[in-house]
Amino acid sequence: MMKKKSIPASKPFLILFLCQIISALDVPLDSKLLEELSQPPTITHQSPKDYIVDPRENIVIQCEAKGKPPPSFSWTRNGTHFDIDKDAQVTMKPNSGTLVINIMNGGKAEAYEGVYQCTARNERGAAISNNIVIRPSRSPLWTKEKLEPHQVREGDSLVLHCRPPVGLPPPIIFWMDNAFQRLPQSERVSQGLNGDLYFSNVQPEDTREDYICYARFNHTQTIQQKQPISVKVFSMDSLNDTIAANLSDTDIYGAKPVTERQPILLTPTGSTSTKVELRGNVLLLECIAAGLPTPVIRWIKEGGELPANRTFFENFKKTLKIIDVSEADSGNYKCIARNTLGSVHHVISVTVKAAPYWITAPRNLVLSPGEDGTLICRANGNPKPSISWLANGVPIAIAPEDPSRKVDGDTIIFSHVQERSSAVYQCNASNEYGYLLANAFVNVLAEPPRILTPANKLYQVIADSPALLDCAYFGSPKPEIEWFKGVKGSILRGNEYVFHDNGTLEIPVAQKDSTGTYTCVARNELGKIQNEVHLEIKDPTMIIKQPEYKVVQRYGQVSFECIIKHDSTLLPTVIWLKDNDELPDDERFLVGKDNLTIMNVTDKDDGTYTCIVNTTLDSVSASAVLTVVAAPPTPAIIYARPNPPFDLELTGQLERSIELSWIPGDENNSPITHFVIEYEDGLHEPGVWHYQTEVPGTQTTVQLKLSPYVNYSFRVVAVNKIGRSQPSEPSEQYLTKSANPDENPANVQGVGSEPDNLVITWESLKGFQSNGPGLQYKVSWRQKDVDDEWTSVIVANVSKYIVSGTPTFVPYEIKVQALNDLGYAPEPSEVIGHSGEDLPMVAPGNVQVHVVNSTLAKVHWDPVPLKTVRGHLQGYKVYYWKVQSLSRRSRRHVEKKILTFRGNKTFGMLPGLEPYSSYKLNVRVVNGKGEGPASPDKVFKTPEGVPSSPSYLKITNPTLDSLTLEWGSPTHPNGVLTSYILKFQPINNTHELGPLVEIRIPANESSLILKNLNYSTRYKFYFNAQTSVGSGSQITEEAVTIMDEAGILHPAVGAGKAMASRQVDIATQGWFIGLMCAVALLILILLIVCFIRRNKGGKYPVKEKEDAHADPEIQPMKEDDGTFGEYSDAEDHKPLKKGSRTPSDRTVKKEDSDDSLVDYGEGVNGQFNEDGSFIGQYSGKKEKEPAEGNESSEAPSPVNAMNSFV
């Protein structure tokens, strides 16, 4: 049986009370009134709850409040009273509660961390601020760490971790390079929300040594930098032998150069995750995936749609951004990463919580004694916030009792209040995500009525319009308002009046008889007051003759009338509009007192014209349409270029100016827009006309500026929209007087061409720049930083002078001054030049070599004294060459290589060295003249490396169960060979590989007979050499054991067992004899065909055959020109011509190494940058080497392995 839910006894009382409550008083915003009324404190301004301050500046904690009388202020810190008088560093602003903590004069911000709260108090109550948490901002340095270089295979994913220091507030993260340029980001490379840099797949262009993470702390305006991170990307084709030796066989033979991969998620990990966000914040969800090709990210919301207008995709759709989130945005969000190989997804479960937010914040109450009222505080949040009340900053449970007050949850009920009930109440709504604090005062006032509307205020209203007469008032208790007309009139009542709660009297339809004086009376139990206002009714404004529709011919005239009638006491203004916009700014539009006239009407004047009449009380308007039609046909107008001006006249001749006037020619129906004035210099450039200036088409005189020593003639060209006229006839000539040059030569330089001279050059002045006859130049020079006098010489009108007998490479001060028969130009500015350079005198000393590895060495040297350079230091050249191979393989030539290091560098890297070899090097200094002497040769040796592949592998003498293997030693042993490694495995008819067998062979062996093999079986062989460093590149080959004559299947025997096998004479086999006969017949037919072709005069393509089968050891050798800064290795890498085949003896030879110094040198082929400190140039004279095999330790390409199949 269900029970009825009972209602607590207090609830019916509350509901009844709220229904009967008298509305609280509204205090008008009248400044004079507010100054006179008592009022509890109200906090008007305060610092934010979470206040992060700059530790280098003074801390200002704001607390401003108003009240009557003005409030006093006090503070608590960490819950206890904060006595600012005892701290010399803390002061409070006058007439304010704002604290200023002096940090700049010795205080420390850390000492003032804490929770602060301000209290503003007067005799009517106390208001409190929020809890203000003061924390100094922090921008710590990055912790020292050793960052290992990242070596990544092309196509793999990579994450560069930033891990910035923990700051307050958290820093903004971005990635840049050494040049402070932002690193480019894309769908493949992007920065995550945590600041890490993610590579979905790396490419060779990602190789660099300056990936730098920066953390910017905005509060302190500082930026911290992480140590640069180095990334090197290896492609499968460029992995060196050392890396290949560490790979498994499966990796070696089964890997592709770049393997495509389906997507995997780099962040977040796993298949699901959770995210909690607060209501009103920005929700950021992130998915970054690895894969090749680069995956594309897509976002969906399970069971719903992404919110429109609030959803944005950032970071190439890797980040989902939803602004202003609400509880409705909770749910599961799925990101899907997809490429051509597949897809992967991740589900993020989002829960939106909410810090407290207001539904109804408490509002100030102004009550009269004996009245009732309520304070309501309603807030929502997730989880639901708890509501607590304080009175004057004290929890209401322990505050002084007030019999007129009753707390009921989120409501305080006041009944029969008295003046002592005035107080400030605080409502606190809080949950685990935050809190809200609101101050609301209850102000109990007993005030007689006051009328705030000015006395005798005049109201003017148009007849038949509403009239509103104000009577703003205040009093406590709330006064009653009454209106009277006339001094002794009766109280106004009836339907013809409307009485508003704010005291305003409304007359809905005012008539002429409504004019008069009206009295407003306000009374309550404490008094009575009245005020008079006056009302005047005006006649409405009318347009008695409106503009009418008009049709007018083009180029005609039209007029619109607008005659008005208005109240005689009002001043009207008339405005004309065209198409609801201002009239065009055109003198054709004439606005009169009662009309608008348009002269010379054009098609553009077509439209609607409106007359608007405004007074201070009303406005009326009327409109009419104007239609423009075509005028009667007129003869066609011919437009042409203007005729040339004529009658040119020169007047007002002065030394540097003259006035030119002319008469314009016929415009030819197109107005002249401007005139162009040109001049001829008959003295220096006769027959050549130059542009002088131009003037508007309405101007026929111009004042022209002149240069000295020029024989001027002028002409004028008229220009209209059609084009330019013919030039006018030239004016009379006018020769200006000579004068000193106004300017000196430009581009003065001083550079020596020999060690004992100084060549001074300049740009000569043009003819009219000479300003007179006899143009010459005064060339002056003196050695800089030496107390010498200027040496000067005057030369003719040339542009070069050579000073001989100068010291080698010393600075000179130089100046060149122009002069003519009348004198010198102004004093010229000085420039710095140098006498000629000579070859450097000394060689670099203390040359040291540090061998880094078997192919790389670092060389150091001491710089030469600058005085011995005798020129501009351009850098140092390192010459190095191989003396001999320590494996006793002599070289057929000496190849000298050169690296150039720019500037005053004292070290450099020598790349591309051969392992296990002896080298020599020397260093020379370089200036603009050439190289200095070489340092003594320095000898160094490179350690052993892994060998190249064996020079060949031949498989001969196949029998039923054995094969004979013969091989050649590696062309580049790169050390002392310790052994050979042979691996082989059978291949069945479906090309599946059988078990792999490995045999180690002594280094002094060159052949091996493998027995106990399966008959009629294909085997694949992998063969490589070893040194003490490791295994070298391998060579592969395949061969087949012969078939059993009798067709009997013998059991397979392991290669490791010694077992007798039946020998069969192949020459006696029938199938072999038949095969040989067929081969002989085929050869005979080919010989006959060749014989016939030769008799017919055909040419046998010997050259093609020679090119196709050329031995790489006898290819033509090519020499460089040995020029400085170039290195050519093109012949070493020339591929075999199309049509080349594997030699008939089944020997497989490995091509020359593709290694070069292109990445280290400074020539046209590339650059090498070592720690960003030098760039070397690689050049030298090089003879062609025999094809000795691959000197680098390189994993065999699957393509090479396939090409070796027989």
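These numbers come from a predicted model, not from an experiment.

Before going further, it helps to spend a moment on the overall build of the protein. Per the secondary structure count, the protein includes eight helices and 86 strands. The proportion of buried residues among the 1206 residues of the protein is 42%. Taking contacts inside the protein between residues at least 6 apart in sequence as the whole, the part at least 24 apart equals 67%. With an accessible surface of roughly 65200 Å², the protein has 52% of that area assigned to carbon and sulfur atoms.

Turning our attention to a nonpolar patch on the surface. Together, Leu1081, Leu1084, Ile1085, Ile1088, Val1089, Phe1091 and Ile1092 make up a nonpolar patch on the protein surface, roughly 670 Å² of accessible area in all. Relative to the elements of secondary structure, isoleucine 1088 occurs in helix 6 (residues 1070-1095).

Before going further, it helps to examine the pairing of strand 56 (residues 619-629). Relative to strand 56, strand 48 (residues 550-553) is paired through four bridges, and the arrangement is parallel. Bridge pairing links glutamine 553 to valine 629 in strand 56. Between strand 55 (residues 607-614) and strand 56, which pair antiparallel one after the other, the connecting turn spans four residues.

Here the focus is the sheet that holds strand 82 (residues 997-1002). Taking strand neighbours across the sheet as the criterion, the four strands line up as 82-81-84-85 in an open arrangement whose pairing is antiparallel. Two strands lie at the open edges of the sheet, namely strand 82 and strand 85 (1031-1040), each paired on one side alone. The average angle at which neighbouring strand axes cross in this sheet is 20°, direction not considered. In the sheet, strand 84 (residues 1018-1026) pairs with strand 85 via eight bridges, with the strands oriented antiparallel. Within the sheet, the bridge partner assigned to tyrosine 1022 lies in strand 85 and is threonine 1036.

Turning to the nonpolar core, a few remarks are in order. Counting residues in each nonpolar core, the largest one holds 29 residues, and the members touching the most others are Ile59, Ile61, Trp75, Ile101, Tyr116 and Ile134. Sorting the residues of this core by element identifies strand 2 (50-53), strand 3 (59-61), strand 4 (63-68), strand 5 (72-77), strand 8 (99-101), strand 9 (114-122) and strand 11 (132-136) as the ones contributing at least two each. Considering every element that reaches this core, the biggest residue donor is strand 9, with three residues. Excluding anything up to four places from it in sequence, isoleucine 61 contacts Ser47, Tyr51, Trp75, Gly97, Thr98, Leu99, Ile101, Tyr116, Ile132 and Ile134.

What follows is about the sheet that holds strand 29 (residues 365-367). Strand order across the open sheet formed by five strands is 29-37-36-32-33, with mixed pairing between neighbours. Each of the sheet's edge strands pairs with one partner strand only, and the pair in question is strand 29 and strand 33 (394-395). As paired strands, strand 36 (residues 423-431) and strand 37 (residues 434-444) are joined by nine bridges and run antiparallel to one another. Note that in strand 37 the partner of asparagine 431 across the bridge is glycine 434.

Now for the state of the cysteines. Cysteine pairs can be covalently joined through their sulfur atoms, and such a bond is termed a disulfide. Applying the stated criterion across every chain yields a total of six disulfides. Between the sulfur atoms of cysteine 377 and its disulfide partner cysteine 427 the distance amounts to 1.7 Å. Given an S-S torsion of about -65°, the disulfide between cysteine 377 and cysteine 427 has left-handed geometry. Note that cysteine 377 is positioned in the loop between strand 30 (373-376) and strand 31 (378-382) and cysteine 427 in strand 36, a separation of 50 residues in sequence. Take cysteine 377 and cysteine 427: they sit in the same class, and that class is buried. When the cysteines of the protein that form disulfides are numbered from the N-terminus onward, they connect as 1-2, 3-4, 5-6, 7-8, 9-10, 11-12.

Right, let's talk about the confidence of the model for the protein for a bit. Counting all residues, the mean pLDDT for the protein is 83, and 83% of those residues have values of 70 or more. Low confidence marks residues 248-255, where pLDDT is under 50. Its contacts with residues over four positions away, or in another chain, come to eleven contacts. This stretch, residues 1098-1206, has a pLDDT under 50; its non-local contacts, to residues over four places away or in other chains, come to 212 contacts.

Looking now at the side chain of serine 728. When you line up the elements, serine 728 lands in the loop between strand 62 (711-720) and strand 63 (734-735). We classify serine 728 as buried; its relative accessible area is 5%. In this structure the side chain of serine 728 is engaged in a polar contact, spanning 2.9 Å, whose partner is the backbone nitrogen of valine 716. Residues contacting serine 728, with those up to four places away along its chain left out, are Pro644, Pro645, Leu648, Arg715 and Val716.

A few words now on the packing of aromatic side chains. As enumerated under the stated definition, the model contains 20 aromatic pairs in all. For the ring pair tyrosine 1019 and phenylalanine 1021, a centre distance of 6.3 Å and an interplane angle of 35° mean the geometry is tilted. On the accessibility criterion, phenylalanine 1021 (0% relative accessible area) is buried. Through pairs of rings, three or more aromatic residues link up here, namely Phe174, Phe180 and Tyr214.

Quick notes on the rules
- Residues numbered from 1 in each chain as written.
- Predicted model: local features only at pLDDT ≥ 70, side-chain atom pairs only at ≥ 80, totals over all residues.
- Heavy atoms only, no water.
- Helix = DSSP H or I, 4+ residues; strand = E, 2+ residues; numbered from the N terminus.
- Buried < 20%, exposed > 50% of the residue type's maximum accessible area, 1.4 Å probe, protein only.
- Contact = heavy atoms within 4.5 Å.
- Areas by Shrake-Rupley, 256 points an atom, 1.4 Å probe, with all protein chains shown as cover.
- Patch = residues over 30% accessible without salt bridge, like charges linked within 9 Å, V, L, I, M, F, W, Y side chains within 5 Å.
- Salt bridge = Lys/Arg side-chain N within 4 Å of Asp/Glu carboxyl O.
- Pairing = 2+ DSSP bridges.
- Axes fitted to C-alpha atoms, helices over the stretch in contact; angles between N-to-C directions.
- Core = buried A, V, L, I, M, F, W, Y, C linked by side-chain atoms within 4.5 Å.
- Disulfide = S-S within 2.5 Å.
- pLDDT = per-residue confidence, 0-100.
- Polar contact = N/O pair within 3.5 Å; in protein donor to acceptor, adjacent residues only side chain to side chain.
- Phe/Tyr/Trp six-rings, centres within 6.5 Å; stacked < 30°, edge-to-face > 60°.

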